[in-house]
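Examining the three-dimensional arrangement
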Amino acid sequence: MPRAFITGVAGLVLAADERAFLRESQPWGFILFKRNVDTPAQVRGLVAALRESVGRADAPVLIDQEGGRVQRLGPPHWPKYPPGAVFARLYEHDREAGLKAARLGARLIAHDLEQLGVTVDCLPLADVPVSDADPIIGDRAYGRTPQQVAIIAQAVTDGLMDGGVLPVLKHIPGHGRATADSHHRLPVVEVDATTLESSDFAAFRPLAKLPLGMTAHVVFSAIDPVAPATTSVKMVREVIRGFIGFDGLLMSDDVSMGALSGTLAERSRAALHAGCDVVLHCNGTLDEMHAVAGESPLLAGEAGRRADAALAARRRPAALDVAAAREEFAAMMAVA
């Protein structure tokens, strides 16, 4: 039985000590970054090695492939994709064209990933940015109203699912209002709960049936003045599972990020205690990976049910004329 964590690894191939760690610790899944990517053949080999190390052919392999600033696969082997704001602009000019482009772009991303054996994309975002927020979300967002963000996020979800790739809804319950980049320090949002419910949180409610979600390392002081959503029992229970109604597998954002405090063991323990089903650790540092694994229980009970349901949601890719789809998508982007 796998344990309740997802891990990165250090490089382009598995080192012997990493392979031994993975075999013993049995993470539920893996996540790839640019440091793990060179050529298509190399990525396919690494993905196969990761699954072989845990003896599970269906072990999920994740990647952040949004487009724009957040794209782990890129030229010369993979296309460059636009950020979410491009779909937002097109949508605001022509609603049908914006949704079609968002879905087709995601379908093409899914094709790229499926060819490598990557089965999960950390997309879509439902973050709703505001004018004075930190630019970490910025042009990654699908608009500035919760309604538009949710509609475009659903189109992106549909494109990924059509291509046999599972989506991850992020960053629950919203990173758009944060005035700091949680990679470096802890953002604190000091806005009343009514405003949050009608804006930030509202974008996630129509997407509550997605199979996987990722938390935000953000403090919402009106609800929990101390702990970020990732490690807040109140935020997970009352907002993410309650108000938003999300019942998919909930993973933390990367617990090695600067927003969190304490040791890696303490951070992992806090996230799981708060109600995250799975801890995400990304940087591939082996001693940190051991610390996270040491706090991660077997993936059982409700967390296990959600994990099984997430994997079961993945579909066989629908037929796609890739060349024609790329040509159509390029034409859409030329007028966006």
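Residues numbered from 1 in each chain as written. Predicted model: local features only at pLDDT ≥ 70, side-chain atom pairs only at ≥ 80, totals over all residues. Heavy atoms only, no water.

Right, let's talk about the pattern of salt bridges for a bit. One pass over the full model with this rule turns up 18 salt bridges. Across the pair Lys 170 and Glu 66 runs a salt bridge, and its minimum N-O distance is 2.9 Å. Of this pair, Lys 170 sits in strand S8 (residues 169-172) while Glu 66 sits in strand S4 (residues 65-67), and the two are 104 residues apart along the sequence. A single burial state applies to Lys 170 and to Glu 66, both of which are buried. Asp 277 is the partner of Arg 306 in a salt bridge, and the nearest nitrogen-oxygen pair spans 3.0 Å. You can see Arg 306 sitting in helix H10 (residues 301-312) and its partner Asp 277 sitting in the loop between helix H8 (264-274) and strand S13 (278-281), a full 29 residues away along the chain. Residue classification places Asp 277 among the buried positions, given a relative accessible area of 6%. Linked by salt bridges that have partners in common, Arg 241, Asp 247, Asp 277, Glu 302, Arg 305 and Arg 306 make up one network. (Salt bridge = Lys/Arg side-chain N within 4 Å of Asp/Glu carboxyl O. Helix = DSSP H or I, 4+ residues; strand = E, 2+ residues; numbered from the N terminus. Buried < 20%, exposed > 50% of the residue type's maximum accessible area, 1.4 Å probe, protein only.)

Scanning all chains against the criterion turns up 5 aromatic pairs. With a centroid separation of 6.3 Å and 50° between ring planes, the pair formed by Tyr 81 and Phe 329 is classed as tilted. Of this pair, Tyr 81 sits in the loop between strand S5 (70-71) and helix H3 (84-93) while Phe 329 is found in helix H11 (residues 322-335), placing the two residues 248 residues apart along the sequence. For the pair formed by Tyr 81 and Phe 329, the shared burial category is buried. Look at Phe 201 and Phe 220: their rings are 5.6 Å apart centre to centre, the planes differ by 75°, and that puts the pair in the edge-to-face class. Of this pair, Phe 201 sits in the loop between helix H6 (193-198) and strand S10 (212-215) while Phe 220 sits in strand S11 (residues 219-220), placing them 19 residues apart in sequence. As far as the burial class goes, Phe 201 and Phe 220 line up, both buried. Put simply, the rings of Tyr 81, Phe 87 and Phe 329 touch in pairs and so form one group of aromatic residues. The lysine or arginine in question, Arg 205, covers the ring of Phe 243, its NZ or CZ lying 4.0 Å from the ring centre. (Phe/Tyr/Trp six-rings, centres within 6.5 Å; stacked < 30°, edge-to-face > 60°. Lys NZ or Arg CZ within 6 Å of the ring centre and 35° of its normal.)

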